[in-house]
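Structural overview for review
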Amino acid sequence: MSYSKETDDDTRSTDRRTMNYGKEKIAVYRTYATPLEGVRTIPESSFDGRDNTLFGLDVRVQLEGEEFLPSFSEGDNSMVVATDTMKNFVHHQIGEYDGATVEGFLDFVGSQFLETYSQIDAVKMSANELPFDERPIPGDEGFEPSDLVFRVSDNESAFGEMYLDRGQDGLVVEDQTSGVTGLELVKVNGSSFTDYVQDEYTTLPEREDRTLYISLDVFWTYEDSEDALGMDPQRYVPAEQVRDIAQVVFHEVDSNSIQDLIYQIGLRVLRRFPQLETVSFEANNRTWLEVRDDIEGAEKARVLKEPPRPTGYQQFSMNRGDLDEEASQ
Ligand SMILES: O=c1[nH]c(=O)c2[nH]c(=O)[nH]c2[nH]1
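None of the values given here were measured: they were computed from a predicted structure.

**Structural notes on the site of the ligand**
- All residues adjacent to the ligand are Phe193, Leu204, Arg210, Ser257, Ile258, Gln259, Asn285 and Gln314.
- Within the side chain of Arg210, a nitrogen or oxygen atom sits 2.8 Å from an oxygen atom of the ligand.
- Contact between the ligand and Asn285: a nitrogen atom at 3.4 Å from a side-chain N or O atom of the residue.
- Relative to its unbound accessible area of 290 Å², the ligand is 69% covered by the protein chains.
- Residue composition of the shell around the ligand, grouped by class: three nonpolar, four polar and one charged.

The structure is reproduced here in structure tokens:
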């Protein structure tokens, strides 16, 4: 076999695909941030806002700019904003942010980077919320959430990403993603996995009723990225409501696969939030294995154990066209 040597301009040009640098895992906490109020409620969720008494984020900064080239090619740091400085910048700006959402903060701090350092052409900011749970304390009318003590949470959390650059007439949001990551849900019965390909390699027994354990990340984009910021709370999609939709659909739908389940969740999310353009999923199958189902006097009861590796996964993205297709069926 012979390989022709590519000599066209593309391979020689310095229009490189990748040149950026930044800081990640910037943990930052803000007490008494602006509460999120006035969000639209949906039938699947009791979520109608959050106090933001404790607002924690794990932030990633990524800077792009042609003026950073000499730092790579000549060891010239004269344009380099130290990644340590980026961390300090994020720490400072969370104190200046007067909004109530992860995406709003990322947009704010990204804009501040572009306004402060002219050598930056574009900035990608992302963050995972570091969540805390309210704790009930006895009050005059039963238990009520403490406004002082919070439990560090190991549960799912909100995600946001904003990609900003300089347009003709000011800063532009080129790309935006919101999400909720790290959902872990178990359904004890009412899920099946049957009718898949059976051949000489297949050993998995068909299950009419399995205990389904999934981990799930859900991501979404808005038709108008302004809506992601939360300035108009009626048009903002809270991660908590998407989480609750996933739970409710899981409860309601007797799915024959995780593929089937996430499609149903996606349809419901798109239906509830017309302001969204896309919704996408990354699911993992963590279903336990059955050890026993012969427990006396308890027909549905089973003993289960952890599955061994490897792990199955599903990735799927949907847009409003999927909703139209479903409606026409
Ligand atoms: O929901 C599932 N989808 C699959 O594709 C699959 N494959 C498998 O082994 N178990 C499962 N479960």
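Back to the write-up after that little detour.
**Re the packing of helix α5 (residues 239-252) against helix α6 (residues 258-272)**
- Where α5 meets α6, the closest approach of the two axes is 9 Å, and the angle between their N-to-C directions is 130°. With respect to their mutual orientation, α5 and α6 come out oblique. Regarding α5 and α6, the two cross each other, and that crossing is right-handed. Along its contact with α5, which presents Val242, Ile245, Ala246, Val248, Val249, Phe250 and Glu252, the element α6 presents Leu261, Gln264, Ile265, Arg268, Val269 and Arg272.
- Per-class residue counts for the contact of α5 with α6 are nine nonpolar, one polar and three charged.

**Re a nonpolar patch on the surface**
- A contiguous nonpolar surface patch, about 380 Å² in accessible area, is contributed by Tyr32, Leu148 and Val149.
- The exposure class of Tyr32 is exposed, given its relative accessible area of 58%.

**Observations regarding the environment of Asp154**
- With respect to the secondary-structure elements, Asp154 resides in the loop between β5 (142-152) and β6 (157-167).
- Through-space distance from the C-alpha of Asp154 to that of Glu226 is 30 Å; in sequence the pair is 72 residues apart.

**Quick look at the nonpolar core**
- Ranked by internal contacts, the top residues of the largest apolar core, which has 70 residues, are Val59, Phe113 and Leu216.
- At eight residues, α6 tops the list of elements feeding residues into this core.
- Ignoring sequence-local partners within four residues, the contact set of Phe113 consists of Val61, Leu63, Met86, Phe89, Val90, Ile120 and Met125.

**Looking at helix α4 (residues 102-116)**
- For α4, with 15 residues, the first-to-last C-alpha span of 21 Å sits near the 21 Å given by 1.5 Å per residue.
- With 11 of 15 residues buried, α4 lies mostly within the body of the structure.
- All of the buried residues in α4 are Val102, Glu103, Gly104, Phe105, Leu106, Asp107, Val109, Gly110, Ser111, Phe113 and Leu114.

**Structural notes on the packing of helix α3 (residues 83-96) against α4**
- At their nearest, the axes of α3 and α4 sit 10 Å apart, and the two run at 125° to each other. Relative to α4, α3 is oriented oblique. Note that α3 runs across α4; the crossing there is right-handed. Residue-level contacts link Met86, Phe89, Val90, Gln93, Ile94 and Glu96 of α3 to Phe105, Phe108, Val109, Gln112, Phe113 and Thr116 of α4.
- Here the residues of the contact of α3 with α4 are counted per class, giving eight nonpolar, three polar and one charged.

**Here we look at the sheet that holds strand β1 (residues 21-31)**
- Taking strand neighbours across the sheet as the criterion, the eight strands line up as β1-β2-β3-β6-β7-β8-β9-β12 in an open arrangement whose pairing is antiparallel. Of all strands in the sheet, those bounded by a partner on one side alone are β1 and β12 (312-319). Ignoring which end each strand starts from, the neighbouring axes of this sheet average 15° apart.
- Of the pairings in the sheet, the one linking strand β7 (residues 170-187) to strand β8 (residues 212-222) comprises eight bridges and is antiparallel in character. When the sheet's bridge partners are listed, Ser178 is paired in β8 with Trp220.
- Against the sheet, α4 engages β2 (54-64), β3 (122-130), β6 and β7, with an angle of about 30° to β6.
- Across the face of the sheet, α6 comes into contact with β8, β9 (276-285) and β12 while running at roughly 155° to β9.

**Structural notes on unusual backbone geometry**
- Along the chain, Arg309 connects to Pro310 via a cis peptide bond; the corresponding omega equals -5°.
- Structurally, Pro310 is set in the loop between β11 (303-305) and β12.
- With phi around 55°, Tyr32 is a residue other than glycine that occupies positive phi space.
- When you line up the elements, Tyr32 lands in the loop between β1 and β2.

Reading guide: rules and limits
- Residues numbered from 1 in each chain as written.
- Predicted model: local features only at pLDDT ≥ 70, side-chain atom pairs only at ≥ 80, totals over all residues.
- Heavy atoms only, no water.
- Near = heavy atom within 4 Å.
- Polar contact = N/O pair within 3.5 Å; in protein donor to acceptor, adjacent residues only side chain to side chain.
- Areas by Shrake-Rupley, 256 points an atom, 1.4 Å probe, with all protein chains shown as cover.
- Nonpolar A, V, L, I, M, F, W, Y, C, P; charged D, E, K, R; others polar.
- Axes fitted to C-alpha atoms, helices over the stretch in contact; angles between N-to-C directions.
- Helix = DSSP H or I, 4+ residues; strand = E, 2+ residues; numbered from the N terminus.
- Parallel < 35°, antiparallel > 145°, perpendicular 65-115°, else oblique.
- Left-handed = near helix turned anticlockwise from the far one by under 90°.
- Contact = heavy atoms within 4.5 Å.
- Patch = residues over 30% accessible without salt bridge, like charges linked within 9 Å, V, L, I, M, F, W, Y side chains within 5 Å.
- Salt bridge = Lys/Arg side-chain N within 4 Å of Asp/Glu carboxyl O.
- Buried < 20%, exposed > 50% of the residue type's maximum accessible area, 1.4 Å probe, protein only.
- Core = buried A, V, L, I, M, F, W, Y, C linked by side-chain atoms within 4.5 Å.
- Expected span 1.5 Å × (residues − 1).
- Pairing = 2+ DSSP bridges.

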